[in-house]
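Below are the chains, spelled out letter by letter.
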Amino acid sequence: MVGMPHDCLANPLGAVRLTFEKAVASGYDPAVLQGKDWGTAELFRQFLFDDDCLSQVPMLSPSTLKWVQPNTLVRFRGMIQDMLGNEFYVGAYKDGDTWRTNKFADSSHSPINTSLDMQIWERRLLYCIPVPGQNFWVESLEEAVKNTHTNLISPKREKRPREDEAILGDVDMMREDGLSSEPLTTMPQTVTGGTFSNVSSVPDTEINYFSCRIKIYDTAESEMKLNDIFEFVGVLTFDPEFPVDSVDCDGFTQSICEDELVHLPSSKVSWIHCIIHRKLAVNDFLSGPALELMPNTAKDLREALVGHLTTVLGNDWVAAQYMLLHLLSRVHARVDSVAVGKLSLNLTCLGKDSMSVFGRNLKFAIECLLPFTRTLPITINYLNTISLTPKKDYNTNRLVFGFLQLTEGSHLTIDETQLQAGTLDSTGVDNARVLKNLMESQTVEYDFTYYKMEMPVDVQLLILSEGKSHILPADLVLPFRPSSVEAPLTVDEETLKAWRWYLGMMKCLSHSIDPDVQKVVEDDLVAARRADRSLGSLDFSRLLTMGRLMSISFGESHLSKEHWQMVKELETIRKERLQEI
C-alpha cells in the first residue's frame, strides 16, 4: 500500500504492531479488551480486497514453501480436518511504559520482563488439509495463482538458507490413512481440455496431503466447524529456534496450552497466524467470473452436457438424463432423519470389461465437471482392512483421518464390480453399516472410542455394480444399456468451465411448486399408490426430488407440468428395464 510504514505483504507483523501502537495511543486498553481486534482486520481487508492485492499473496503449498519467507503474509485453502483445542499466550506486555503485542506471532518482538504487566490471551488451533478429492483442474487453477505471484518476484531472488530447506523436509505431510509420509510429489496426471493422459495408477487412498496448522483469533467457535472449507490469510511461521514449551531469558513460558500434546515443535510444522479468513463453497473453486444463466442459456448448456454424458455412457440417453439429475442433487433440508434432496444412483449391468471402458470414461467425465470427487473400490478384503470413519486417537489427542471425512458438495463413486463372495469380519461389517447409513441418511459416524457421533454430510453417491447393490440401497437403480463404444470427445476448456458453472449455479436455485401443478402431482401420486401398494413416503419424496431437479436442470425455479411429465416418462423406462433383468 502506498505510504504504508510497513508492507502488509512482506512485513505483516510490522503492520500489526503499528495498528496496536495507534490503538493504544487512542485509548485502547489491552487489560480491558482481552485481545479483541483493534483495527488490524480492517487494515488487511482494505489491503487484500479494497486494494485488490489478494492475488499477490502466495498460496501455501509444497512448491511455494521452498521460497516463501517466515513472518510474511501467505494464504492457505483447505478443509478443517481436526480442531486441536485452545492455547493461551502472552498477548500484550509492557516494555517500560510502552505496551507491546505478540498477537499473530510465536514469540515476542523484544524480551519480556516477568515483573512487568502482561496480558494472557487465548487463540484456537486448527489442523487443515487440502480438500479431499480435489481434482487436477482445481489444482491447476491454484497453481496459476502461485505462478502469478512468483512472476512478481525478482528472478534473481536468493535461495533460502540450508536450515530453512531442512525445515521444509520436516514440514508435516499427511496421508489419507493418517500416517505421516514423505514430502508430497506431483501425481503424473494431466489434462488438455477434456482429453486425459498419463493417468496415475496410484490408488485413491494413497494420495498424500500437505497439511497446515492454523491459529485463529477473534472468531466465535460457532463460526467454524469440522470439514468446513476456508481460505486463511495470515502470518507464516516455522522457527527452528523455538522448541516446545520454550522459555525466554527470564524463565517465563510465553505459551500455556490447554493440552501439551497440542503444542507441537514449530520446526516440525508450518503455522499460519490467521488475520483474515473466509468460508468457501464449491463454486469458489470454479474459474472465471460467475455465469449469469438465463433459462434459455441453461437449456442450451443442459442439452450440450446431456449430449456429452450420452456419448460417455455409450449412447444411453436415459442413463445420461439420470446422471444429470444425480449431479445436480444436494441435501437442501433435513426432516427428522430424512435428508431431503439427495439422489443416489446405482448403475447396474456393469461387468469388468464394460467398467474398463464406460466406468473409466464416466469417472473422468465427473472429475472434469466437479471440483471434489473420490472413488471407493469395494472388495471383501478392502472392507475388512480400510478405516472409513475418522477416529480419535487419545494417545496423540488427534482425530485420525478416515476415507469418508469429506466436505460438503463432494462426489463419491463406489465401484462394486470387483466385489466377490467372501466373509466380512467385524471391521468389514462395521464399514458396510457405515456406508449404508451414509447412503440412507447422509450421515457419517465418527468414532471417539467411548462414544460415537453422527455427523451430517452432503455427498453425492454413485454406485457402479454388476447387479443391484445389496450392501448400498440407492435411491435409484438403473440398468445400464450402452449401444456403442465411442472414444471420448475432446472438450475445450471454455465449454468445461461453462458446464461447471451450470452445475454449480443450478444446484443453488430456489424451487417451489405452484398450486395448480401441485394438484396434478398429488393426483398422480395417489394414482401410483393405487396401482402399486408397495410405494411409500420415501418413493414419493424421491419423485418430488426428481421433479425439482428436472426443473432446475432447465434453469426453472418452478415445477411445470411438462417437466413433471418428463420425470414420469423416465421412471416408466427405468421400471421397464428393471423388469427385463
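What you see is a predicted model, and the numbers here were worked out from it, not measured in a lab.

Here's the deal with the overall build of the protein chain
Across its full length, the protein chain holds 14 helices and 22 strands. Taking all 581 residues of the protein chain together, the buried fraction comes to 51%. Once local pairs closer than 6 in sequence are excluded, the contacts in the protein chain between residues at least 24 apart make up 79%. Summing over all exposed atoms, the protein chain offers an accessible surface of approximately 26500 Å²; the carbon and sulfur share of this is 52%.

A word on the packing of helix H7 (residues 317–328) against helix H14 (residues 561–580)
H14 packs onto H7 with a crossing angle of 120° between their chain directions and a minimal axis gap of 11 Å. The orientation of H7 relative to H14 falls into the category oblique. Handedness of the crossing formed by H7 with H14: left-handed. Residues Trp317, Val318, Gln321 and Tyr322 of H7 touch H14, and the partners they reach there are Leu570, Glu571, Ile573, Arg574 and Arg577.

Topic: the environment of Leu478
Topologically, Leu478 is positioned in strand E22 (residues 476–479). Residue classification places Leu478 among the buried positions, given a relative accessible area of 0%. Counting along the chain gives 133 residues from Leu478 to Leu345, while the straight-line C-alpha distance between them is 7.5 Å. Setting aside residues no more than four positions away along its own chain, Leu478 makes contact with Val318, Ala319, Tyr322, Leu345, Asn346, Leu347, Thr348, Arg574 and Arg577.

Quick look at the state of the cysteines
Under the defined criterion, the tally for this structure stands at zero disulfides. Here Cys8 stays unpaired: no disulfide links it, and the sulfur of Cys53, its closest cysteine neighbor, is 8.6 Å away.

Quick word on the confidence of the model for the protein chain
With 80% of its residues at a pLDDT of 70 or more, the protein chain shows a mean pLDDT of 82. The secondary structure element of the protein chain with the lowest average pLDDT is strand E4 (residues 173–175), at 31, and the one with the highest is H7, at 98. Predicted confidence for residues 147–208 stays below pLDDT 50, and this span has 110 contacts to residues more than four positions away or in other chains. This model gives residues 239–268 a pLDDT under 50, and the stretch forms 64 contacts once residues within four places in sequence are excluded.

So, the pairing of strand E21 (residues 459–464)
Within E21, six of the six residues are buried, leaving the element largely enclosed by the surrounding structure. Residues Val459, Leu461 and Ile463 of E21 are buried on one face, and the alternating residues Gln460, Leu462 and Leu464, pointing to the opposite face, are buried as well. Examined bridge by bridge, strand E14 (residues 345–348) and E21 share three bridges and lie parallel to one another. Looking across to E21, one finds that Leu345 is bridged to Leu462.

Observations regarding the packing of aromatic side chains
As enumerated under the stated definition, the model contains twelve aromatic pairs in all. For the pair Phe104 and Tyr217, a centre-to-centre distance of 4.6 Å together with 55° between the ring planes defines the contact as tilted. With Phe104 in the loop between strand E2 (98–101) and strand E3 (118–129) and Tyr217 in the loop between strand E8 (212–216) and strand E9 (229–237), this pair connects stretches of sequence that are 113 residues apart. Assessed through its relative accessible area of 2%, Phe104 is described here as buried. Ring pairing ties together the aromatic residues Phe20, Tyr28, Trp38, Tyr89, Phe104, Trp121 and Tyr217, which thus form one cluster. Of note, Arg77 hangs over the ring of Phe285, and the distance from its end group to the ring centre comes to 5.1 Å. If you follow Arg374 out to its NZ or CZ, it ends over the ring of Phe403, 4.1 Å from the centre.

Remarks on helix H12 (residues 515–531)
Think of an α-helix as 3.6 residues a turn; residues three or four steps apart then line up on the same face. With 17 residues, H12 extends 24 Å from end C-alpha to end C-alpha; this agrees with the ideal 24 Å at 1.5 Å per step. By the burial criterion, the buried members of H12 are Val517, Val521 and Leu525. All buried residues of H12 project into a common sector of 75° when viewed along the axis, lining one side. More than 90 degrees from the buried face of H12, the exposed residues found are Pro515 and Arg530.

Considerations on unusual backbone geometry
The phi dihedral of Gln34 is positive, around 55°, even though this residue is not glycine. Checked against the element boundaries, Gln34 lands in the loop between helix H2 (30–33) and helix H3 (40–50). Look at Gln34 and you get partly exposed, because its relative accessible area is 43%. With a phi angle near 55°, Asp52 is a residue other than glycine that sits in the positive phi range. Position of Asp52 among the secondary structure elements: in the loop between H3 and strand E1 (73–95). Looking at Asp52, the relative accessible area reads 58%, which means it is exposed.

Things to note about the sheet that holds E14
Pairing is parallel across the open sheet formed by five strands, whose spatial order is E15-E18-E21-E14-E22. The sheet is open, and its two edges are formed by strand E15 (373–377) and E22, each paired on a single side. Geometrically, the sheet is characterised by an average inter-axis angle of 20° between neighbouring strands, direction not taken into account. For E15 and strand E18 (residues 410–415), the ladder comprises five bridges, and the chain directions are parallel. Of the residues in E18, the one forming a bridge with Pro377 is Asp415. On top of the sheet, H7 reaches E14, E18, E21 and E22; it is set at about 150° to E21, its chief contact.

Rules of the game
- Residues numbered from 1 in each chain as written.
- Predicted model: local features only at pLDDT ≥ 70, side-chain atom pairs only at ≥ 80, totals over all residues.
- Heavy atoms only, no water.
- Helix = DSSP H or I, 4+ residues; strand = E, 2+ residues; numbered from the N terminus.
- Buried < 20%, exposed > 50% of the residue type's maximum accessible area, 1.4 Å probe, protein only.
- Contact = heavy atoms within 4.5 Å.
- Areas by Shrake-Rupley, 256 points an atom, 1.4 Å probe, with all protein chains shown as cover.
- Axes fitted to C-alpha atoms, helices over the stretch in contact; angles between N-to-C directions.
- Parallel < 35°, antiparallel > 145°, perpendicular 65-115°, else oblique.
- Left-handed = near helix turned anticlockwise from the far one by under 90°.
- Disulfide = S-S within 2.5 Å.
- pLDDT = per-residue confidence, 0-100.
- Pairing = 2+ DSSP bridges.
- Phe/Tyr/Trp six-rings, centres within 6.5 Å; stacked < 30°, edge-to-face > 60°.
- Lys NZ or Arg CZ within 6 Å of the ring centre and 35° of its normal.
- Expected span 1.5 Å × (residues − 1).
- Arc of directions from axis to C-beta.

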